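# Structural overview for review
Here are the chains, one letter per residue:
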Amino acid sequence: MNNDRDNRATELSVSLNAKIDHLNALRDALNHGDDLAIYKLINAKHFNEIMQPAEPVDDKYDVSLLVKDLQSELSHYLSEGLINYLGQNYPFFYYNEYQFGHFRIFFGNWWDHKLFGELDVLNVKFEFNEVELDKLGRSFELEAENKTFYSDEIMSITDKSQEIQSLIDEKDERDAMKADLKVAIRENESGITMPWDAARVKAEHTQLTNQYKHLVAEDEAASEGAKQIKQNEARILELNKEDTIISYEKQSIRDCFQNFNNFMDTQSGLYADYMQSLGGDNHEG
């Protein structure tokens, strides 16, 4: 029985020593500033899957679990090299460490630049804001129709403002029509109606009254019109500004990647590209 216990103890010691060796290797990589070795050690399985090296890294022991409580510290440490690399290949992205080891991505350095997502340093991955990413991609597609992302909305708001302005301009005409309708309504109400004409007179009264109410409703809409037009103008200004920012983003993509599809294809291989830049094995996939 004691022999079995001793054998199990020996096996456990071997396993623990292997874990210790992996942690020592990670410590040595940190001491030598070997970012490639660090990436291999903290997620060997991911490295092997993406890079497909001729000699896969030993992933029997998942060091990422052993250093889970140090992820923020590792991210902060590795961020310097990664962000320097990204600055050369994605010069339009800027990063803010809003929390230790956690980085937000901003698109551009112009006024009102957008928060575009976050940078996952440990997995060398962009986590884009899907809404903003889709908006950017759609804006490229709309160029074929000679449109911007917000051009249809701007046109719709402009049309509404023109309708309101027409209501405002037609006030005198409505006033004259209301005066005529008042006279017609009074005549309808004051006339002597024969029994066989009652239904017709009542229908005429309803029609005249409805016409008058419609003109009053247009008056009310016109009275609020100036305020609404100002609100519409402010909204159009906001949308034009947003379209301008998107145009800056599109030009940045073109300058570096020619088109949106190339940009998406390139960033999807970011991990492999960065590992190779650190001296990793050639990616065969």
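Not measured: the values here are computed from a predicted model.

What counts and how
Residues numbered from 1 in each chain as written. Predicted model: local features only at pLDDT ≥ 70, side-chain atom pairs only at ≥ 80, totals over all residues. Heavy atoms only, no water. Core = buried A, V, L, I, M, F, W, Y, C linked by side-chain atoms within 4.5 Å. Buried < 20%, exposed > 50% of the residue type's maximum accessible area, 1.4 Å probe, protein only. Contact = heavy atoms within 4.5 Å. Pairing = 2+ DSSP bridges. Helix = DSSP H or I, 4+ residues; strand = E, 2+ residues; numbered from the N terminus. Axes fitted to C-alpha atoms, helices over the stretch in contact; angles between N-to-C directions. Domains from an automatic or database assignment. Buried area = accessible area lost by both parts, 1.4 Å probe. Salt bridge = Lys/Arg side-chain N within 4 Å of Asp/Glu carboxyl O. Polar contact = N/O pair within 3.5 Å; in protein donor to acceptor, adjacent residues only side chain to side chain. 1 Å grid on protein atoms, 1.4 Å probe; cavity = no way out; pocket = protein on both sides within 12 Å on 5 of 7 lines; lining within 4 Å. Points joined across faces, edges and corners; volume = space filled by probe spheres on them. Nonpolar A, V, L, I, M, F, W, Y, C, P; charged D, E, K, R; others polar. Patch = residues over 30% accessible without salt bridge, like charges linked within 9 Å, V, L, I, M, F, W, Y side chains within 5 Å. Areas by Shrake-Rupley, 256 points an atom, 1.4 Å probe, with all protein chains shown as cover. Parallel < 35°, antiparallel > 145°, perpendicular 65-115°, else oblique. Left-handed = near helix turned anticlockwise from the far one by under 90°.

What follows concerns the nonpolar core. Counting 51 residues, the largest nonpolar core has Phe93, Phe126 and Phe263 as its most contacted members. What phenylalanine 93 contacts, discounting residues up to four positions off in sequence, is Ile105, Phe106, Phe107, Phe116, Phe126, Phe128 and Phe263.

Spatially, β1-β2-β3-β4 is the arrangement adopted by the 4 strands of the open sheet, whose pairing is antiparallel. Here the strands that pair on one side only, and so sit at the sheet edges, are β1 (93–99) and β4 (125–128). Sheet twist, expressed as the mean angle between neighbouring strand axes with direction ignored, is 35°. Here strand β3 (residues 114–120) pairs with β4 via 4 bridges, running antiparallel. Across the sheet, glutamate 118 pairs through a bridge with glutamate 127, a residue of β4. Running at roughly 115° to β3, helix α6 (residues 130–142) makes contact with β2 (102–107), β3 and β4 of the sheet.

Segmentation of the protein into domains returns domain 1 (2–66), domain 2 (71–128) and domain 3 (143–257). Counting residues at the interface gives 8 residues for domain 1 and 9 residues for domain 2. Buried surface at the junction of domain 1 and domain 2, summed over both partners, amounts to about 740 Å²; 62% is from carbon and sulfur atoms. For the interface between domain 1 and domain 2, the tally reads 0 salt bridges. Put simply, domain 1 and domain 2 have 2 residue pairs in polar contact (both at pLDDT 80 or more) between them. Ranked by residue count, the leading element in the side of domain 1 that touches domain 2 is helix α2 (residues 35–42), at 4 residues.

In this section: the layout of surface pockets. Volume-wise, the largest pocket comes out at about 350 Å³. Considering the residues around the largest pocket, the lining is formed by 18 residues, among which Gln71, Ser75, Asp120, Leu122 and Asn123 are closest to the centre. For the lining of the largest pocket, the secondary-structure elements that each account for two or more residues are α5 (71–89), β2 and β3. For the lining of the largest pocket, the residue count by class is 7 nonpolar, 8 polar and 3 charged. Residues lining the lining of the largest pocket come from more than one domain, with at least three contributed by each of domain 1 (2–66) and domain 2 (71–128). In this structure, the second largest pocket occupies an estimated 190 Å³ of space. His46, Asn123, Val124, Ser268 and Tyr271 are, among the 13 residues lining the second largest pocket, the residues nearest its centre. Broken down by secondary-structure element, the contributors of at least two residues to the lining of the second largest pocket are α3 (44–51), β4, α11 (260–268) and α12 (270–277). Counting residues per element, the lining of the second largest pocket draws most heavily on α12, which supplies 3 residues. Its residues assigned to classes, the lining of the second largest pocket shows 6 nonpolar, 6 polar and 1 charged.

To continue, consider α2. With respect to burial, α2 is a largely interior element, 7 of its 8 residues being buried. Within the span of α2, buried status applies to Asp35, Leu36, Ala37, Ile38, Tyr39, Leu41 and Ile42.

This next bit is on a nonpolar patch on the surface. A contiguous nonpolar patch, built from Leu12, Leu16 and Ile20 and spanning about 300 Å² of accessible area, is present on the exposed surface. Here isoleucine 20 lies in helix α1 (residues 2–31).

Here we come to unusual backbone geometry. For glutamine 52, which is not a glycine, the phi torsion comes out positive at approximately 50°. Mapped onto the fold, glutamine 52 is located in the loop between α3 and α4 (63–66). Overall, the relative accessible area of 35% leaves glutamine 52 in the partly exposed class. We note that valine 124 has phi near 50°; this positive angle belongs to a residue other than glycine. By the element assignment, valine 124 lies in the loop between β3 and β4. Residue classification places valine 124 among the buried residues on the basis of a relative accessible area of 2%.

To continue, consider the packing of α2 against α5. Close contact between α2 and α5 brings their axes to 11 Å; oriented N to C, the two are set at 135°. When the interaxial angle is binned, α2 and α5 end up oblique. The way α2 lies across α5 gives a crossing that is left-handed. Residues Asp35, Ile38, Tyr39 and Ile42 of α2 form the contact with α5, whose own contacting residues are Leu74, Tyr77, Leu78, Gly81 and Leu82.

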